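Working through the structure, step by step
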Amino acid sequence: MTRCLQEVKMDDDDDEDEPADQDDDHPGMEVVLHEDKKYYPTAEEVYGPEVETIVQEEDTQPLTEPIIKPVRTKKFTLMEQELPATVYEMEFLADLMDSPELIRNITLCGHLHHGKTCFVDCLIEQTHPEIRKRADQDLRYTDILFTEQERGVGIKSTPVTMVLPDSRAKSYLFNIMDTPGHVNFSDEVTAGIRISDGVVLFIDAAEGVMLNTERLIKHAVQEKLAVTICINKIDRLILELKLPPTDAYYKLRHIVDEVNGLLSMYTTDENLIVSPLLGNVCFASSQYRICFTLGSFAKIYSDTYGDINYMEFSKRLWGDIYFNPKRKRKFTKKAPSSNSQRSFVEFVLEPLYKILSQVVGDVDTSLPRVLDELGIHLTKEELKLNIRPLLRLVCSKFFGDFSGFVDMCVQHIPSPKDGARNKIEHTYTGGLDSDLGEAMSECDPDGPLMCHTTKMYSTEDGVQFHAFGRVLSGTIHAGQPVKVLGENYTLEDEEDSQICTVGRLWISMARYQIEVNRVPAGNWVLIEGCDQPIVKTATITEPRGNEEAQIFRPLKFNTASVIKIAVEPVNPSELPKMLDGLRKVNKSYPSLTTKVEESGEHVILGTGELYLDCVMHDLRKMYSEIDIKVADPVVTFCETVVETSSLKCFAETPNKKNKITMIAEPLEKGLAEDIENEVVQISWNRKKLGEFFQTKYDWDLLAARSIWAFGPDATGPNILVDDTLPSEVDKALLGSVKESIVQGFQWGTREGPLCDEPIRNVKFKILDAVIAQEPLHRGGGQIIPTARRVVYSAFLMATPRLMEPYYFVEVQAPADCVSAVYTVLARRRGHVTQDAPIPGSPLYTIKAFIPAIDSFGFETDLRTHTQGQAFSLSVFHHWQIVPGDPLDKSIVIRPLEPQPAPHLAREFMIKTRRRKGLSEDVSISKFFDDPMLLELAKQDVVLNYPM
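Residues numbered from 1 in each chain as written. Predicted model: local features only at pLDDT ≥ 70, side-chain atom pairs only at ≥ 80, totals over all residues. Heavy atoms only, no water.

Labelled according to an unreviewed UniProt entry, the protein appears under the name 116 kDa U5 small nuclear ribonucleoprotein component, originating from Erpetoichthys calabaricus. The Subcellular location (unreviewed entry) field of the UniProt record for the protein holds the comment "Nucleus". (UniProt positions renumbered as here; feature names shortened; annotations may be inferred.)

**Considering the overall build of the protein**
In terms of regular secondary structure, the protein is built from 30 helices and 34 strands. For the C-alpha atoms alone, the extent of the protein along its principal axes is close to 130 × 105 × 65 Å. Taken across its 947 residues, the protein has 54% of its residues classed as buried. About 44000 Å² of surface is accessible on the protein, with carbon and sulfur atoms providing 51% of the total. (Helix = DSSP H or I, 4+ residues; strand = E, 2+ residues; numbered from the N terminus. Buried < 20%, exposed > 50% of the residue type's maximum accessible area, 1.4 Å probe, protein only. Areas by Shrake-Rupley, 256 points an atom, 1.4 Å probe, with all protein chains shown as cover.)

**Points about the pairing of strand E6 (residues 281-285)**
Buried residues dominate E6, accounting for five of its five residues. Side chains of E6 alternate between two faces, with Val281, Phe283 and Ser285 and Cys282 and Ala284 buried alike. Where E6 lies against strand E7 (residues 290-292), three bridges are found, and the strand directions are antiparallel. Following the sheet pairing, Ser285 is matched in E7 by Ile290. As consecutive antiparallel partners, E6 and E7 are separated by four residues, and within that stretch Arg289 has a phi angle of approximately 55 degrees, a positive value. (Pairing = 2+ DSSP bridges.)

**Section: the environment of Lys688**
Secondary-structure assignment places Lys688 in helix H22 (residues 686-697). As for Lys688 and Lys587, which are separated by 101 residues in sequence, their C-alpha atoms are 38 Å apart.

**Focus: the nonpolar core**
Counting 168 residues, the largest nonpolar core has Phe119, Phe174, Val200, Phe405, Ile604, Ile741 and Phe764 as the members making the most contacts within it. With sequence-adjacent residues up to four places away left out, Ile741 is seen in contact with Ile660, Met662, Trp708, Leu720, Leu734, Ile766, Ile783 and Ala787. Counting 70 residues, the second-largest nonpolar core is a separate cluster that includes Ala205, Ile229, Leu252 and Ile321. (Core = buried A, V, L, I, M, F, W, Y, C linked by side-chain atoms within 4.5 Å. Contact = heavy atoms within 4.5 Å.)

**Concerning the packing of helix H10 (residues 294-305) against helix H12 (residues 343-360)**
The N-to-C vectors of H10 and H12 enclose an angle of 80 degrees; their axes lie 12 Å apart at closest approach. Considered as vectors, H10 and H12 are oriented roughly perpendicular to each other. Of the residues in H12, those touching H10 at Leu294, Phe297 and Tyr301 are Phe344, Phe347, Val348 and Pro351. Its residues placed into classes, the contact of H10 with H12 shows seven nonpolar, no polar and no charged. (Axes fitted to C-alpha atoms, helices over the stretch in contact; angles between N-to-C directions. Parallel < 35°, antiparallel > 145°, perpendicular 65-115°, else oblique. Nonpolar A, V, L, I, M, F, W, Y, C, P; charged D, E, K, R; others polar.)

**A closer look at the UniProt feature "domain: Tr-type G" (unreviewed entry) in the protein**
In the numbering adopted here, UniProt assigns the feature "domain: Tr-type G" (unreviewed entry) to residues 101-384. The span residues 101-384 is 40% helix and 18% strand, and its two end C-alpha atoms sit 46 Å from each other.

**Considering the sheet that holds strand E28 (residues 707-711)**
In spatial order, the strands read E26-E27-E30-E29-E28; together these five strands make up an open sheet with mixed pairing. At either margin of the open sheet sits one strand with a lone partner, and together these are strand E26 (649-652) and E28. Strand-to-strand, the axes of this sheet are offset by a mean angle of 25 degrees, without reference to chain direction.

**Examining helix H6 (residues 186-194)**
Of all nine residues in H6, nine are buried; the element is thus mostly enclosed. For H6, the full list of buried residues reads Ser186, Asp187, Glu188, Val189, Thr190, Ala191, Gly192, Ile193 and Arg194.

**Structural notes on the side chain of Lys116**
Mapped onto the elements, Lys116 comes out in helix H4 (residues 116-127). The buried charged residue Lys116 lacks any salt bridge, with Asp178 as its nearest oppositely charged partner at 6.1 Å. With sequence-adjacent residues up to four places away left out, Lys116 is seen in contact with Leu108, Cys109, Gly110, His111, Asp178, Thr179, Pro180, Gly181 and Phe202. (Lys, Arg positive; Asp, Glu negative; His and termini not counted. Salt bridge = Lys/Arg side-chain N within 4 Å of Asp/Glu carboxyl O.)

**Comments concerning the pattern of salt bridges**
The full count for this structure, using the stated rule, is 46 salt bridges. Asp885 serves as the salt-bridge partner of Arg801, at 3.3 Å between the closest nitrogen and oxygen. One end of the pair, Arg801, is in strand E31 (residues 800-814); the other, Asp885, is in the loop between strand E34 (871-881) and helix H29 (904-915), with 84 residues separating them in the sequence. For Asp885, a relative accessible area of 27% gives the class partly exposed. Taken together, the shared-partner salt bridges in this structure form one network comprising Asp204, Lys233, Arg236 and Glu240.

**Comments concerning H29**
With 12 residues, H29 should cover 16 Å at 1.5 Å per step; its first-to-last C-alpha distance of 16 Å lies within 8% of that length. Most of H29 is tucked away, with nine of its 12 residues classed as buried. What H29 keeps buried is the set Leu904, Ala905, Arg906, Glu907, Phe908, Met909, Ile910, Thr912 and Arg913. The inward-facing, buried residues of H29 contact E31. Gly917 sits one or two residues past H29 and shows a positive phi near 75 degrees. (Expected span 1.5 Å × (residues − 1).)

**A look at the packing of aromatic side chains**
Inspection of every chain in the model, using the stated rule, returns 38 aromatic pairs. Look at Phe283 and Phe344: their rings are 5.5 Å apart centre to centre, the planes differ by 45 degrees, and that puts the pair in the tilted class. Taken together, the residues span a long stretch of sequence, with Phe283 in strand E6 and Phe344 in helix H12 at a distance of 61 residues. For Phe283, a relative accessible area of 0% translates into the label buried. On the basis of an interplanar angle of 85 degrees and a centroid distance of 5.9 Å, the ring pair of Tyr301 and Phe347 is categorised as edge-to-face. One end of the pair, Tyr301, is in helix H10; the other, Phe347, is in helix H12, with 46 residues separating them in the sequence. The pair Tyr301 / Phe347 is uniform in exposure class, with both members buried. Stacked on the ring of Tyr589, the Lys or Arg Lys156 has its end atom at 3.3 Å from the ring centre. The side chain of Lys455 reaches across the aromatic face of Tyr457, ending 4.9 Å from its centre. (Phe/Tyr/Trp six-rings, centres within 6.5 Å; stacked < 30°, edge-to-face > 60°. Lys NZ or Arg CZ within 6 Å of the ring centre and 35° of its normal.)

**Remarks on the pairing of strand E21 (residues 593-596)**
Note: E21 against strand E22 (residues 602-606), four bridges, orientation antiparallel. Counterpart to Thr593 in the pairing with E22 is Leu605. Between E21 and the antiparallel strand that follows it, E22, lie five residues; Gly600 among them carries a positive phi value of about 95 degrees.

**Focus on the confidence of the model for the protein**
For the protein, the mean per-residue pLDDT works out to 90, and 96% of the residues sit at or above 70. With pLDDT under 50 throughout, residues 1-20 is counted as low confidence; its partners more than four residues away or in other chains account for four contacts. (pLDDT = per-residue confidence, 0-100.)

**Some remarks on the packing of helix H27 (residues 818-827) against helix H28 (residues 858-865)**
Contact pair H27 / H28: the axes reach a minimum separation of 9 Å and the direction vectors enclose 145 degrees. Handedness of the crossing formed by H27 with H28: right-handed. Every residue of H28 that contacts H27 at Ala820, Val821, Val824, Leu825 and Arg827 is listed here: Phe858, Asp861, Leu862 and His865. Tallied by class, residues from the contact of H27 with H28 come to six nonpolar, one polar and two charged. (Left-handed = near helix turned anticlockwise from the far one by under 90°.)

**Here we look at unusual backbone geometry**
A cis amide bond links Gly711 with the next residue in sequence, Pro712, at an omega value of 5 degrees. Structurally, the position occupied by Pro712 is in the loop between E28 and strand E29 (718-722). A positive phi angle, close to 60 degrees, is found at Lys656, a residue other than glycine. Positive phi, normally seen in glycine, also occurs at Glu678, with a value near 60 degrees. Take Glu678: it is sitting in the loop between helix H21 (671-676) and H22. On the accessibility criterion, Glu678 (30% relative accessible area) is partly exposed.

**Regarding the side chain of Ser872**
Its location among the elements puts Ser872 in strand E34. Leave out the neighbours within four places in its chain, and Ser872 touches Val809, Glu810, Val811, Phe858, Glu859 and Leu862.

As structure tokens, this is what we get:
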């Protein structure tokens, strides 16, 4: 309406131009339309003509938003506000960093909830007089993330550096990595192990050797580290299981024997055994601040009674050895009388039992007398404490500092100087015979800088990262320029390197950091400022002059990321934010893989449900603060064959000048795993490689000597063999296109024909090759796609099958729940391999296999069926063929119905292809040439393949 009025008014103006001025004489009398009324001066009149003014018509800000927002600081970790008091000077700690022989770099690892974090708490309390745990809950000093505190489980490995005295009161600098025990997070352990010289393996005295204990022993042995063990929670044997002392001894001995059994299984080194007599086993109860080795317990005796040679005494405190009280200080191998106890029971366990039972039993009557005898003085207030805090107090006064643990690490774990050579040989890709190799194996602080970073820690607001690693030679200074070499750097291809400037340097102490200006070789360091180019691991070196530096090999995990979720932002315009978040979680989690499928969906691969749950929490809350949709989890598949190709498959290059013929057949059992675990390496010389295949897998000499490549990469579980005869094929010409054929083979095996998943366990043989004479006609552009096509056709002619990942599951449950566990497993295609009672406890262990794709929600299901009494952990174990033929056309997949077993392969293949945006079915004509199709028609082999 307003617009109409305006138009009318404009028409009036046109009609009467002249007499328009006559109204000016009588202001206030004229008729003014209400939109032309002028109530306020215009902005121009107020501010002058030079000022630009913008008038906002309406308030676009919603009422829910405050006009002035309060500043929100994001905080995801617990940090100390100022440096806490320590029993040593910080300068002293910094000075110790200059003497590598006084440093020990160790990783504490073990099964879930076997007490690693509580043990570190005891060490923290020993060195920090003001940090104390509250009576009712654990301190968990190294669980610094809020998510870790909420879930009650470690998610990240956290480094702690402190000065600890041994039993002779000599100080050592301990760099301790506290790692998660959950088997999903074993990648964190790998990152810690890489920069350590030894591990301390924690084992719960009541539970014994569990799933992750076993895996970690194997992992530590493969990484060539010193292994020591700490049997933790020994109080459970006494207070919870209430075992008599002799049975407790048997239980402890059983654990030590089991560990030695595993060590002998995974290593050829005869000397690698653990025994309390050697001093590489310590006993502890973190809850009550008990920690002793045989040596440190014997020292308590010698401190109390004077003239005892405690080293000699400690050698007689384990095994079938008895004290004969009749003859002065005589130990015998045979029991002097029928009721004599072994020396360990008599001198170690019984005093321990007595102290615990006195405190738990009769606090008021006999405890003060006992404490008097032991020389422990408590005030009246302390005697009124509750049982647990009182027990901690008494035990910590009786056992004193954790010097036994320090002794064990000092004697059995090499210092960075002694362990350097072994470490470099195992992890450095370059040779040791250069000056650089020498400097690193000497751990020389004046050599060229080499620092290996294995972890990235985000700052407490989650904005940037700090790289954490170990200096192997040279000294890193704050503010110096460095060259960061990524995982793809080689001397030939230097693209993956970048010059950065180091910011500040810190020594990490979990909840606080000590800033230092330089860190010499042999130490761990937290580095600011060079996080941008690093993704997983990196090698940091001098910016100039150290040109022959090569990288440290990327981490080799003992588990595989097989679970896969697709993510997309709820609001599509926030995609860049999500991508940034994905980049950050990729840095934060060592074994996480993120990739973009060809259909454009973003995929995250992780080791298990808990792992991906933590990743998604970080992605949503810490790094990108947006709503993200997650597709249902699926797993990665593999493709394989079960027979030899039914006929020779050939393909011609587009220019019709070359022809390659191949067949495919399955590999021998166990060979794929050998390649993946680097038992055999393609980089070996021909002779050594040939011998391996001849002796272990009965290959004939010709085939064994003519292995061309493994695929899809150097440790890929497929083999390409040149099976052509010199009499039929010109070997020189074939050799000239070898690179191209290998590339085609690796491309083909990286994404197979069934559903673009990697091929596994297949041997491809080149039977014949016609290669053009002129180099022009046999370029990569001709050969590579053709080689890939032959690989596909040979594969499809050899009865292709899908493979799925299988999980190994370990369930702990009370005896009456065992049948429920069987039921839940059977419903998910799982099968039990063993169930046995855990010795000395009321629980059973059930070991089983379950397909990963059926394992989603398994844990929750298990808990509902057993009223929460069963506890399970599952970890990737092996690949297994999915029942059924994926190419069987007669199978009809009905939506929303569970398929019978023989239809599974077809269902998995079709649904995976749909998800990736491929055509419904595998069409053969895409991979076969016309001459090949004619050949097939002749032989009547075109079964039920669509053309």
